[in-house]
Amino acid sequence: MSFSAQLRKEAAYIYDAIFQHPFVVGIKEGKVPKEALIHYVSQDYEYLTAFVRIYGAALTKCSTRDEMEVFNNGISIVLHSEVHPHNNFCKVAGIRYEDMKHQPLAPTANHYISHMMTVAHTGTLGEIIAVLLPCPWTYVEIGERIAGEVNLTPDHPFYEWISFYTNGEMKETTKWFCDKLDELAEKASAEERRRMKEHFIKSCELEYLFWDMAYKQEQWPLSQTIVHS
């Protein structure tokens, strides 16, 4: 069993929890509360901005131009392509995407970004891939599972979102990450592989918590009590 396949097997319980989360089930059924969609987009905008920075950090640790090209293309996908699923959520919620930018980070989003940024600045390329991988991998599997369970037609409220995460581009990115992680794991020490696994599992947990954060519109618990002088 490859290293990435082993990680996926060990994280199966988290993936299953994500598939069963009411936000994800709501995407399948075309029924997600407006407030949850709004909170998701406002937080994911900041999360993906951090993703671009982490891709930049990964570029500095690449050993070949082929590796650099993948991360460079990834930056372009995040900046220019991932706005489409965001726009789909905004359209359903009846709000403008431009109004969702630069919102304060909720605790879970803040923690997830800090987790990834720490690994980006202190870890190896293998560790960076491990900490990033759950994001595209869980989304591709969510999209594929929903597409396999519903009769997906353009009149589905989340047709664009589901289609984006089942397209070839996202699958290819995930496969490249898995293959590269397997390659790097073969050369890594036992301690580095342990860190890769730890980063991966934690990111999987935080993927679940990100959905939960958006669904519950999580905020800092005392943010409304601050008195400004």
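Residues numbered from 1 in each chain as written. Predicted model: local features only at pLDDT ≥ 70, side-chain atom pairs only at ≥ 80, totals over all residues. Heavy atoms only, no water.

The next thing to look at is the overall build of the chain. The helix and strand inventory of the chain stands at twelve helices and zero strands. Taken from N to C terminus, the helices and strands of the chain fall in the order α-α-α-α-α-α-α-α-α-α-α-α. Taken against the 2.2 N^0.38 rule, which gives 17 Å for 229 residues, the C-alpha radius of gyration of the chain at 18 Å falls within 12% of a compact globule. With the C-alpha coordinates of the chain rotated into their principal frame, the extents come out at 55 × 50 × 30 Å. Burial statistics for the chain: of 229 residues in total, 50% are counted as buried. On the chain, roughly 11,200 Å² of surface is accessible, and the fraction owed to carbon and sulfur atoms is 52%. One finds the centroid of the 22 positive side-chain charges in the chain at a distance of 2 Å from the centroid of its 31 negative side-chain charges. (Helix = DSSP H or I, 4+ residues; strand = E, 2+ residues; numbered from the N terminus. Rg over C-alpha atoms; globule rule 2.2 N^0.38 Å. Buried < 20%, exposed > 50% of the residue type's maximum accessible area, 1.4 Å probe, protein only. Areas by Shrake-Rupley, 256 points an atom, 1.4 Å probe, with all protein chains shown as cover. Lys, Arg positive; Asp, Glu negative; His and termini not counted. Charge placed at Lys NZ, Arg CZ, Asp CG, Glu CD.)

This part covers the confidence of the model for the chain. In this model, the chain carries a mean pLDDT of 93, and residues with pLDDT of at least 70 account for 97%. Predicted confidence for residues 225-229 stays below pLDDT 50, and this span has zero contacts to residues more than four positions away or in other chains. (pLDDT = per-residue confidence, 0-100. Contact = heavy atoms within 4.5 Å.)

Here the focus is the packing of aromatic side chains. Inspection of the entire model under this criterion finds 28 aromatic pairs. Relative to Phe210, the ring of Tyr40 has its centre 5.8 Å away and its plane inclined at 85 degrees; by these criteria the two rings are edge-to-face. Pair noted here: Tyr40 is in helix 4 (residues 34-59) and Phe210 is in helix 12 (residues 190-215), with a separation of 170 residues, a long-range link. The class of Phe210 is buried, set by a relative accessible area of 3%. The ring of Tyr15 is capped by Arg8, whose NZ or CZ atom sits 3.7 Å from the centre of that ring. (Phe/Tyr/Trp six-rings, centres within 6.5 Å; stacked < 30°, edge-to-face > 60°. Lys NZ or Arg CZ within 6 Å of the ring centre and 35° of its normal.)

Taken as a whole and assessed by the stated rule, the structure comprises one cavity of 30 Å³ or more. A per-element tally of the lining of the largest cavity places helix 4 first, with six residues. Taken together, the residues that form the lining of the largest cavity break down as twelve nonpolar, two polar and two charged. (1 Å grid on protein atoms, 1.4 Å probe; cavity = no way out; pocket = protein on both sides within 12 Å on 5 of 7 lines; lining within 4 Å. Points joined across faces, edges and corners; volume = space filled by probe spheres on them. Nonpolar A, V, L, I, M, F, W, Y, C, P; charged D, E, K, R; others polar.)

All buried positions along helix 2 (residues 12-19) are accounted for by Ile14, Tyr15, Ile18 and Phe19. Burial along helix 2 is one-sided: seen end-on, the buried residues are contained in an arc of 140 degrees. Looking at the buried side of helix 2, the elements it contacts are helix 1 (3-10), helix 3 (22-29), helix 9 (134-149) and helix 12. (Arc of directions from axis to C-beta.)

The next subject is the nonpolar core. With 76 residues, the main nonpolar core has Phe23, Ile27, Trp161, Phe200 and Trp211 as its most contacted residues. Counting residues per element, this core draws most heavily on helix 4, at 14 residues. When sequence neighbours within four positions are dropped, the list of residues in contact with Phe200 reads Leu7, Arg8, Ala11, Tyr15, Ala130, Leu133, Pro134 and Trp137. (Core = buried A, V, L, I, M, F, W, Y, C linked by side-chain atoms within 4.5 Å.)

Within this structure's numbering, the places UniProt gives as "domain: Thiaminase-2/PQQC" (unreviewed entry) are residues 10-216. Annotation note: span residues 10-216, helix share 79%, strand share 0%, distance between end C-alpha atoms 27 Å. (UniProt positions renumbered as here; feature names shortened; annotations may be inferred.)

Another aspect to go through is the state of the cysteines. Linking two cysteines covalently through their sulfur atoms gives a disulfide. Overall, the coordinates contain zero disulfides when judged by the stated rule. The thiol of Cys90 is not disulfide-bonded; the next cysteine sulfur, from Cys135, is found 17 Å away. (Disulfide = S-S within 2.5 Å.)

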